[in-house]
Amino acid sequence: MIDSMTHAMSGKHNQTLCVVGGGIVGLASALQASERGVFRKIIVLEKEAEVGRHQTGHNSGVLHCGLSYKPGSEKARLAVDGIKRMVAFCQKHDIPHEICGKVVVAVCEEDVARLKELEQRGRANGLEGLRWMSKEELAEREPHVVARAALLVPQEGIVDFAAVARKMRDLLTQAGHQVLTGVAFRKLHDAGNQLTVETSGDPMAVDFLLNCGGLHADRICQASGIRPSCRIIPFRGEYFRLNHEGGELVNHLVYPTPNPAFPFLGVHFTRMIHGGLEAGPNAVLAMKREGYAKTAFSLRDAFAAASWPGLWRFLAKYPLVTLREFENSLCRSAFLRNLQRLVPGVRNEHLLDDGFAGVRAQAMAADGNLLMDFLLLRAPRQLHVLNAPSPGATAALAIGEHILNQILDH
Ligand SMILES: Cc1cc2nc3c(=O)[nH]c(=O)nc-3n(C[C@H](O)[C@H](O)[C@H](O)COP(=O)(O)OP(=O)(O)OC[C@H]3O[C@@H](n4cnc5c(N)ncnc54)[C@H](O)[C@@H]3O)c2cc1C
């Protein structure tokens, strides 16, 4: 294995890697390639004026440690490894972060059984310090939370992932590589022994293309001559920030017990690294891939979703969940009711509606199933990251290493 990797590395040593997407996954992958000296030249193309403008800069900012992922899955392995690497990266580069711990709350008997399963998963994934909280401990740590049972996950924390992305950009440019902002990938031409990337600027000759295009990853794959087997369906996640009084109600990250019948975690309370508390996100089927307002609409994106047979199968499978998420989006009191299941003392006037939202690049199969694990598609001199859901930001450095190993294995 080591021999074949060394051989592959020496083969790529004079080559150019083009990474599409200056989000945290693209930048972390480029950084891994840079640190291991695999490519002579690395060019990251980012269509926006700054890196980390989409999912990387529009998320909960939680450092997830791998509590709920199926033991043995790629997601569990990369999350457990990823949080350690991300925390070490933040320590090394002085990026503000805090390991504040998470409390997962069971509010009914069904939840208690599910939370026990979650605890087993966490233990199988090797989480440290995981433990049930006594009534007294919960009352002391989280006096406003009401629960039948509560699990403490002390390893989890918070960070500003956009700041991490900017640091990665700086490290790449300091190492002599290029991060070109304001330059969009358009199309890939394969002339046998070299690739030409058509961009919004000058075309460029490269040897390997890595697609980390997030909400546009399936389109970039298609424009590279490969038809992906899934489609990116955007799900908007909306948040409320809490006012000062509301912000005092919670001390850790406070999450509900996830219901495995539903594809997304319920709304939760998240402390933010620059201060304050936010609640959310919901998961609303969105009409625009990079649209953050409730009214955001793109004919192209809406058509892409509606013409995917998987979407209709998903809607048939989850009609109530889909409607409930629309209700959560349009009706503030429905959103509030969900929060009050965890913290009954939170009130309408605590919620500040400043419209912060993110959009998940959720890959959906043609059978309507949401792909829950990371998905990489390999082709000669190309690799496409078609699904990098949460905890993709936490795990970015581990994903970057995994991606690089896949490139070297080509
Ligand atoms: C609401 C929400 C909450 C989340 N919470 C968490 C959390 O708490 N913790 C966690 O670990 N993860 C979380 N995630 C997941 C995490 O944000 C993602 O897994 C991660 O950011 C994915 O990074 P990325 O680089 O793949 O995508 P992105 O950050 O979206 O980057 C893709 C980049 O590609 C660029 N691009 C697209 N098309 C082109 C083109 N043609 N040419 C050039 N550039 C292009 C885009 O402009 C963008 O900058 C959350 C996600 C959402 C949406």
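Residues numbered from 1 in each chain as written. Predicted model: local features only at pLDDT ≥ 70, side-chain atom pairs only at ≥ 80, totals over all residues.

1. Brief notes about the site of the ligand
Worth spelling out the cut-off: Only the C-beta atom, placed from the backbone, is used; a residue is near a molecule or strand if that atom lies within 6 Å of it. Secondary structure elements are defined from DSSP: runs of H or I of at least 4 residues count as helices, runs of E of at least 2 residues count as strands, and each element is numbered from the N terminus. Charged residues are taken to be Asp, Glu, Lys and Arg, nonpolar residues to be Ala, Val, Leu, Ile, Met, Phe, Trp, Tyr, Cys and Pro, and polar residues to be all remaining types, Gly included.
The full set close to the ligand counts 41 residues, and G21, G23, G214, G358 and G392 are the nearest of them. Only α2 (24-35), β2 (41-46) and β21 (357-365) provide two or more residues apiece to the shell around the ligand. A class-by-class count of the residues in the shell around the ligand yields 16 nonpolar, 20 polar and five charged.

2. Looking at the sheet that holds β2
Condition: Two strands pair if DSSP finds at least two bridges between them. Whenever a helix is involved, its axis is fitted only over the stretch in contact; in every case the axis is a line through C-alpha atoms, and angles between N-to-C directions fall within 0 to 180 degrees. Contact between two residues is assigned when their C-beta atoms, built from the backbone, lie within 7 Å.
Taking strand neighbours across the sheet as the criterion, the six strands line up as β9-β2-β1-β13-β23-β22 in an open arrangement whose pairing is mixed. Looking along the sheet, the strands with just one partner apiece sit at the ends: β9 (178-181) and β22 (375-379). Taking each pair of neighbouring strands and ignoring which way they run, the sheet shows an average axis angle of 15 degrees. Against the sheet, helix α13 (residues 396-409) touches β13 (208-211), β22 and β23 (382-387), its axis set at about 145 degrees to β23.

3. Description of the pairing of strand β5 (residues 102-106)
Within a regular strand, side chains alternate between the sheet's two faces. The line we're drawing: Working definition of burial: number of other C-beta atoms within 10 Å of the residue's own, with buried at 20 or more, exposed at 12 or fewer, and partly exposed in between, all C-beta atoms being placed from the backbone.
In terms of burial, β5 is largely enclosed, as five of its five residues are buried. Alternating residues of β5 divide into K102, V104 and A106 and V103 and V105, and every residue in both groups is buried. As defined by bridge partners, β5 adjoins strand β7 (residues 149-153) across five bridges and the pair is classed as antiparallel. The partner of A106 across the bridge, within β7, is A149. The pairing of β5 with strand β16 (residues 253-256) spans four bridges and is parallel. Bridging across to β16, K102 finds its partner in L253.

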